[in-house]
Protein chains: 2
Amino acid sequence: MKNPWKDSPRALLRAEGEHFDLSAVDPASTPGWRSSCDADDYLADTARRLADLQEMLFANGRTENGAHRSLLLVLQAMDTAGKGGIVRHVIGNVDPQGTHIHGFKKPTPVELKHDFLWRIRKELPATGLIGVFDRSHYEDVLVHRVRHLSPAEVVEQRYGIINDFEAELTEQGTTVVKVMLHISKDEQRRRLESRLDRPDKHWKYSPNDVDERELWPAYQEAYQIAIQRTSTAVAPWHVVPADSKPYARAAVQRILIETLEDLALTWPKADFDVETERERLAAS
Amino acid sequence: MKNPWKDSPRALLRAEGEHFDLSAVDPASTPGWRSSCDADDYLADTARRLADLQEMLFANGRTENGAHRSLLLVLQAMDTAGKGGIVRHVIGNVDPQGTHIHGFKKPTPVELKHDFLWRIRKELPATGLIGVFDRSHYEDVLVHRVRHLSPAEVVEQRYGIINDFEAELTEQGTTVVKVMLHISKDEQRRRLESRLDRPDKHWKYSPNDVDERELWPAYQEAYQIAIQRTSTAVAPWHVVPADSKPYARAAVQRILIETLEDLALTWPKADFDVETERERLAAS
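This is a predicted model, so every value here is computed, not measured. (Residues numbered from 1 in each chain as written. Chains lettered and ligands numbered in written order. Predicted model: local features only at pLDDT ≥ 70, side-chain atom pairs only at ≥ 80, totals over all residues. Heavy atoms only, no water.)

Undergrad: So what's going on with the sheet that holds strand β5 (residues 237-241) of chain B? Which residues, and what values?
TA: Picture the strands of a sheet paired through backbone hydrogen bonds; they go either parallel or antiparallel. Residues and elements named next belong to chain B. With parallel pairing, the five strands of this open sheet are ordered in space as β2-β3-β1-β4-β5. If you trace the sheet from one side to the other, it starts and ends with β2 (99-103) and β5, each paired once. Taking each pair of neighbouring strands and ignoring which way they run, the sheet shows an average axis angle of 20°. Bridge count between strand β4 (residues 174-182) and β5: five bridges; the pairing is parallel. (Pairing = 2+ DSSP bridges. Helix = DSSP H or I, 4+ residues; strand = E, 2+ residues; numbered from the N terminus. Axes fitted to C-alpha atoms, helices over the stretch in contact; angles between N-to-C directions.)

Structure, rendered in structure tokens:
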């Protein structure tokens, strides 16, 4: 297969901290992608590669003498942007035993009695696993900023707390991959309309989705600020244009593959003598 | 596609409680399967059906007016029998967001301070989910019986406790599907040998696997007794011949599809007015 990527989306889509400008990212663009290629083919053709890399990560986590690493994929986006599709079509390509997927909803009363990272820490991936957060601690600086759920100075303080938290994770062997799926307001309307058109998709629709659309500019501003403040060297953001679902999925799959390749893992060495075991087994 | 099943494996493989005889089940057999058909093709061809049924279960769990049901697949087997392959190749066919997979290892010191179902209850599937237990509360009557980890009278008492527990789950909307993957001792040796042959599979091998083989007859007896005592009308066991991995996977996929079909779910009705929402959305 010809490489459908002219350039790595991991480099192209990386948000450069304080100079980042969300309004300059066209949600309908497909950076790095050769337009003659089919993104679904790419997803299928590289599914095995992603699964093999995940298995090696898992194997290392399972053995005493393995490298103890994990990966955390943080997905943030406006509704309908395709977080669920990433989980299904990209994460769905690896062994489900090697993943830990958690969707963060409105916090429970118990969760609200703790600091905002308390519930987050409980869902971190164990060694060897790929963790996926469908929404995350970023809600505490996104919807909290937009809907004034916390005082401004508390939200302000959280950017730094998040950077400390993610640096701590990284130092302890968790590679943090942050992805914002970026769709346009018009594309969101089309996707919501199609949910209304299909009775088998009504369960995915909520009248609140329209209320949230009224706050579109405020959310874009909150994303802009959050990304500027938390796209760090150790845990950068990738802003993935997502009006094309196939492109967004292909980009995230490629970002994950490159990230796992960078870990440069090898199969853990046997901590037993292979020939001795062959003999024991033959005799059993 | 021609139906490759002459008869439903769900009926054929169901263990009939006190009259069940494990030694009468040939691990190399493929009950109900038309030998001219390819089990991998069957898995691929019905993956979509399984995924659609799972999505409907999930949708119902997500809505106020939905049916609140869940499914729990309990997988038990001797090592190498293919539990992991079931998770990867059958459960891997559905949206990973709709599953909760948990592998039960040796209990932790904290877990040992509680009754044997304490850690089990914590991993039960939420409404709308398919839960998968890779090993389960049955370890407490299998390895505990074989290795005398609990007194005989405690193990004895647990069969009844398990039946009560599973009846309780069923009454509360969780359909319990119990599967024992049944392999032969020779097939296990071949699979362990192939792990020794491949350095990329050494991490899956443990010298303890050979020690366990010495106890093969005791484990078979423990399975026999456990199945006799806990294959109830509400939570029957299915003993799936597993020397053929493709057969075992096809059988479990078919059992899950039939079980989900029996729930006779429908898409949850909208709790909003569709036309009103169309207008609000168009104006937004």
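Undergrad: Describe the relation of the copies chain B and chain A, naming the residues involved and giving the relevant values.
TA: Taken as rigid bodies, chain B and chain A are interconverted by a rotation of 180° and an axial shift of 0.0 Å, the fit giving an RMSD of 0.0 Å. The superposition of one copy onto the other is thereby described by a two-fold rotation axis. (Least-squares fit on C-alpha atoms with pLDDT ≥ 70 in both.)

Undergrad: Please give an account of the packing of aromatic side chains that cites residues and values.
TA: A full pass over the atoms with the stated rule returns 16 aromatic pairs over all chains. Plain terms: the ring middles of Trp203 of chain A and Phe58 of chain B are 5.8 Å apart, the flat faces sit at 80° to each other, and that makes the pair edge-to-face. With Trp203 of chain A in the loop between α8 (185-197) and α9 (208-213) and Phe58 of chain B in helix α3 (residues 47-62), this residue pair bridges two chains. Judged on exposure class, the residue Trp203 of chain A and its partner Phe58 of chain B are both buried. Ring centres of Trp33 of chain B and Tyr42 of chain B lie 5.8 Å apart, and the angle between their planes is 80°; on these two criteria the pair is classed as edge-to-face. Through pairs of rings, three or more aromatic residues link up here, namely Trp5, Trp33, Tyr42 and Tyr247 of chain A. The residue whose ring lies beneath Lys122 of chain B is Trp118 of chain B, and the NZ or CZ to ring-centre distance is 3.8 Å. The ring of Phe116 of chain B carries Arg158 of chain B above its face, with NZ or CZ at 4.8 Å from the centroid. (Phe/Tyr/Trp six-rings, centres within 6.5 Å; stacked < 30°, edge-to-face > 60°. Buried < 20%, exposed > 50% of the residue type's maximum accessible area, 1.4 Å probe, protein only. Lys NZ or Arg CZ within 6 Å of the ring centre and 35° of its normal.)

The analysis is restricted to geometry; functional conclusions fall outside its scope.
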